Amino acid sequence: MDLLQIIYEMIELRSFSNLWYWISLAVLWSTASHWILGVPYDMVHRAQRKGGQAERDLEDVARVNVNRLLYISEVSGPWLVALSCFALSALATLGFVFLLEIAQAVFLLAFPMAVVGVISFLTARRIHAEQATGKALRKRLAFCRLYVQFVGVISIVVTAFWGMYQNLTIGAF
């Protein structure tokens, strides 16, 4: 046996049987549900408990991130949508038509994050239109977080079932 074959046998390089893929999936959704519109969710709790300066800090951070997201969507929104649709359709075609496992794995990470991006954009637009502050802002951020967590749970379940199916069909070892 040569060295490369020994390394390949010790470290499985397939996506769904690789521990690093599952760790990255957990980190991705943990991060996505903590940072809502670029605002760490602990700021929402702190603003609710303490008020005052914590409330003003939350409003400032939310305002900056909402304006930033709306500016990006205004300037390059159509291009980002087109590029995202192209990349997602290429991944889906490579993964589920040509059965390339790495493309399936990346698609199962990227597609739900595109849904989260749409949820974030719609929430930012609504916050901006309402000029939400205080309790209304905290409510919008809480609902956005709830939607992101819902998408995350569905994504993790679908990815886990698809990964188990792939490992049982192809064989984990």
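Here, every reference points to the structure presented above.
A brief look at the structure comes next.

The rules we used
- Residues numbered from 1 in each chain as written.
- Predicted model: local features only at pLDDT ≥ 70, side-chain atom pairs only at ≥ 80, totals over all residues.
- Heavy atoms only, no water.
- Core = buried A, V, L, I, M, F, W, Y, C linked by side-chain atoms within 4.5 Å.
- Buried < 20%, exposed > 50% of the residue type's maximum accessible area, 1.4 Å probe, protein only.
- Helix = DSSP H or I, 4+ residues; strand = E, 2+ residues; numbered from the N terminus.
- Expected span 1.5 Å × (residues − 1).
- Arc of directions from axis to C-beta.
- Contact = heavy atoms within 4.5 Å.
- Polar contact = N/O pair within 3.5 Å; in protein donor to acceptor, adjacent residues only side chain to side chain.
- 1 Å grid on protein atoms, 1.4 Å probe; cavity = no way out; pocket = protein on both sides within 12 Å on 5 of 7 lines; lining within 4 Å.
- Points joined across faces, edges and corners; volume = space filled by probe spheres on them.
- Nonpolar A, V, L, I, M, F, W, Y, C, P; charged D, E, K, R; others polar.
- Salt bridge = Lys/Arg side-chain N within 4 Å of Asp/Glu carboxyl O.
- Phe/Tyr/Trp six-rings, centres within 6.5 Å; stacked < 30°, edge-to-face > 60°.
- Lys NZ or Arg CZ within 6 Å of the ring centre and 35° of its normal.
- Patch = residues over 30% accessible without salt bridge, like charges linked within 9 Å, V, L, I, M, F, W, Y side chains within 5 Å.
- Areas by Shrake-Rupley, 256 points an atom, 1.4 Å probe, with all protein chains shown as cover.

### Remarks on the nonpolar core
Among the nonpolar cores identified, the biggest contains 33 residues, and L58 and L141 are the most heavily contacted of them. Of all the secondary-structure elements, those providing two or more residues to this core are α2 (19–34), α3 (41–50), α4 (52–97), α5 (101–130) and α6 (134–170). Sorting elements by how many residues they give to this core places α5 first, with 9 residues.

### Examining α2
In this model, α2 (16 residues) spans 23 Å end to end at C-alpha, consistent with the 22 Å of a helix rising 1.5 Å per residue. If you check which residues of α2 are buried, you get Y21, L25, W29, A32 and S33. Projected down its long axis, α2 carries its buried residues within an arc of 95°, all on one side. In α2, the exposed positions angled more than 90 degrees off the buried face are occupied by L19 and W20. Here the buried face of α2 lies against β1 (35–36), α5 and α6. The N-capping residue of α2, defined by a side-chain oxygen 3.0 Å from the backbone nitrogen of W20, is N18.

### Side note on the layout of surface pockets
Here the largest pocket defines a volume of roughly 900 Å³. In terms of lining, the largest pocket is formed by 30 residues, of which the most central are L69, M113, A114, G117 and V118. The set of elements that each furnish at least two residues to the lining of the largest pocket consists of α2, β1, α4 and α5. By residue number, the principal contributor to the lining of the largest pocket is α4, which donates 13 residues. Taken together, the residues of the lining of the largest pocket sort by class into 21 nonpolar, 8 polar and 1 charged.

### Comments concerning the pattern of salt bridges
Applying the stated criterion to the full structure yields 5 salt bridges. Salt-bridge contacts for D42 lead to R46; the nearest nitrogen and oxygen are separated by 2.9 Å. Of the two residues, D42 and R46 are both situated in helix α3; the distance of 4 residues between them amounts to about one turn of the helix. D42 sits in the partly exposed class, given a relative accessible area of 34%.

### Looking at the packing of aromatic side chains
Across all of its chains, the model carries 8 aromatic pairs by this definition. Seen in terms of ring centroids, Y21 and W22 are 5.2 Å apart; in terms of plane orientation they differ by 80°. Their pairing is edge-to-face. Assessed through its relative accessible area of 27%, W22 is described here as partly exposed. In this structure an aromatic cluster arises from ring pairing among F96, F107, F111, W162 and Y165. Looking at R145, its charged tip hangs above the ring of Y41, at a distance of 4.2 Å from the centre.

### Some words on a nonpolar patch on the surface
A contiguous nonpolar patch, built from L94, V97, F98, L100, I102 and V106 and spanning about 560 Å² of accessible area, is present on the exposed surface. For the nonpolar patch, the secondary-structure elements that each account for two or more residues are α4 and α5. Within the fold, F98 resides in the loop between α4 and α5.

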